[in-house]
Amino acid sequence: EPEVTQTPSHQVTQMGQEVILRCVPISNHLYFYWYRQILGQKVEFLVSFYNNEISEKSEIFDDQFSVERPDGSNFTLKIRSTKLEDSAMYFCASRALTYGYTFGSGTRLTVV
Amino acid sequence: TQLLEQSPQFLSIQEGENLTVYCNSSSVFSSLQWYRQEPGEGPVLLVTVVTGGEVKKLKRLTFQFGDARKDSSLHITAAQPGDTGLYLCAGGSGYALNFGKGTSLLVTP
């Protein structure tokens, strides 16, 4: 069964450093997303990406965040200057024209 | 932000029992999805409901979408230990999905 692949599975970074989280969505999907889940809290929407541009973003997705789909297969989330409160599981998801999302297994980001 | 309230927050039952968990909102959703999440993993889609009053069955799981498309329920018949996990509902009316906090289900043998 097709799956969304995320790397790395765990990233530890120092506060103020830049991180790039990588995702390979399902190849024929059209919509791409990043969500995050702080430990013990609910899954929160960050950003959606369609037709090579951001289609919607949440208040969390401020100027420190950016997304790219550089080569038609990878989908990346960059955090420019990490803060302690950015520590969370980050999930990439993709979907076709139907409603159902396929989520990756996530990247656990720990900012120290 | 459209809020989704899930109840109960925790549920511990014995194998063979039936259970129902609920997902409620004051907002109307164009679709509502149920996911199951294991610790340290991403949510896995169980079902999507889009029509008010719709009922979908997935083996021992029955999902219902409210007539007004503001609420949903998940009923599990004869629960098994393998049903243990976090059940999340998520509603969409645009590009974003809004998730509830989930119901954590424990089924003991």
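For every chain, the first residue of the written sequence is number 1, and numbering continues from 1 along that sequence. To read the labels, note that chains go from A and ligands from 1, taken in the order they are written. Local features in this predicted model are restricted to residues whose pLDDT is 70 or higher, and side-chain atom pairs enter the listing and the counts only when it is 80 or higher, whereas totals over whole chains, interfaces and linings include all residues. Each side-chain value is derived from all of the structure's non-hydrogen atoms; neither hydrogens nor water enter the calculation.

1. Digging into the overall build of chain B
So, step 1. Assigned secondary structure in chain B consists of zero helices and 11 strands.
So, step 2. Listing the helices and strands of chain B from first to last along the sequence gives β-β-β-β-β-β-β-β-β-β-β.
So, step 3. On C-alpha atoms alone, chain B measures out to a radius of gyration of 13 Å, which is about the 13 Å that the 2.2 N^0.38 rule sets for 109 residues.
So, step 4. Its C-alpha atoms give chain B principal-axis dimensions of roughly 40 × 30 × 20 Å. Strands are runs of DSSP state E lasting at least 2 residues, helices are runs of H or I lasting at least 4, and numbering of each runs from the N terminus. In this setup the radius of gyration rests on C-alpha atoms only. A globule is expected at 2.2 Å times the number of residues raised to 0.38.

2. Overview of the overall build of chain A
So, step 1. When helices and strands are tallied, chain A shows zero helices and 11 strands.
So, step 2. Each helix (α) and strand (β) of chain A, taken in turn from the N terminus, gives the series β-β-β-β-β-β-β-β-β-β-β.
So, step 3. On C-alpha atoms alone, chain A measures out to a radius of gyration of 13 Å, which is about the 13 Å that the 2.2 N^0.38 rule sets for 112 residues.
So, step 4. Its C-alpha atoms put chain A at 40 × 25 × 25 Å along the principal axes.
So, step 5. Exposure classes here rest on a 1.4 Å probe applied to the protein chains alone. A residue is buried below 20% of its type maximum, exposed above 50%, and partly exposed in between. The proportion of buried residues among the 112 residues of chain A is 44%.
So, step 6. Pairs of residues are marked as contacts when any of their non-hydrogen atoms sit within 4.5 Å. In chain A, of all internal contacts separated by at least 6 residues, the share reaching a separation of at least 24 is 53%.

3. What to know about the packing of aromatic side chains
Residues and elements named next belong to chain B.
So, step 1. Between rings of Phe, Tyr and Trp, where Trp is taken as its six-membered ring, a pair exists when centres lie within 6.5 Å; planes separated by under 30 degrees are stacked, by over 60 edge-to-face, and by other angles tilted. Evaluation of the coordinates by the stated rule reveals 17 aromatic pairs over all chains.
So, step 2. Pairing Trp34 with Phe63 gives two aromatic rings, centres 6.4 Å apart and planes at 45°, and the pair type is tilted. Remark: Phe63 occurs in strand β7 (residues 61–65) and Trp34 occurs in strand β4 (residues 31–37); sequence separation between them is 29 residues. Grouping residues by exposure puts Trp34 and Phe63 together as buried.

4. A short note on unusual backbone geometry
So, step 1. Omega for the peptide link from Thr7 of chain A to Pro8 of chain A comes to -10°, which places this bond in the cis form.
So, step 2. The omega torsion across Ser7 of chain B and Pro8 of chain B is -10°, close enough to zero to call that bond cis.
So, step 3. In this fold, Pro8 of chain B is placed in the loop between β1 (5–7) and β2 (10–14).
So, step 4. One non-glycine residue with positive phi stands out, namely Asn51 of chain A, at about 55°.
So, step 5. Mapped onto the secondary structure, Asn51 of chain A falls in the loop between β5 (44–50) and β6 (53–57).
So, step 6. Residue classification places Asn51 of chain A among the exposed positions, given a relative accessible area of 59%.
So, step 7. One non-glycine residue, Asn52 of chain A, lies in positive phi territory at about 65°.
So, step 8. Tracing the backbone shows Asn52 of chain A in the loop between β5 and β6.
So, step 9. The class of Asn52 of chain A is exposed, set by a relative accessible area of 60%.

5. Observations regarding the pattern of salt bridges
Residues and elements named next belong to chain B.
So, step 1. For salt bridges, the criterion is a side-chain nitrogen of Lys or Arg within 4 Å of an Asp or Glu carboxyl oxygen. Under the counting rule described, the total for this entry stands at four salt bridges over all chains.
So, step 2. With a closest N to O distance of 2.9 Å, Asp83 and Arg60 form a salt bridge. Of this pair, Asp83 sits in the loop between β8 (71–76) and β9 (85–92) while Arg60 is found in the loop between β6 (55–58) and β7, placing the two residues 23 residues apart along the sequence.

Such coordinate-based values are descriptive only and should not be taken to indicate function.
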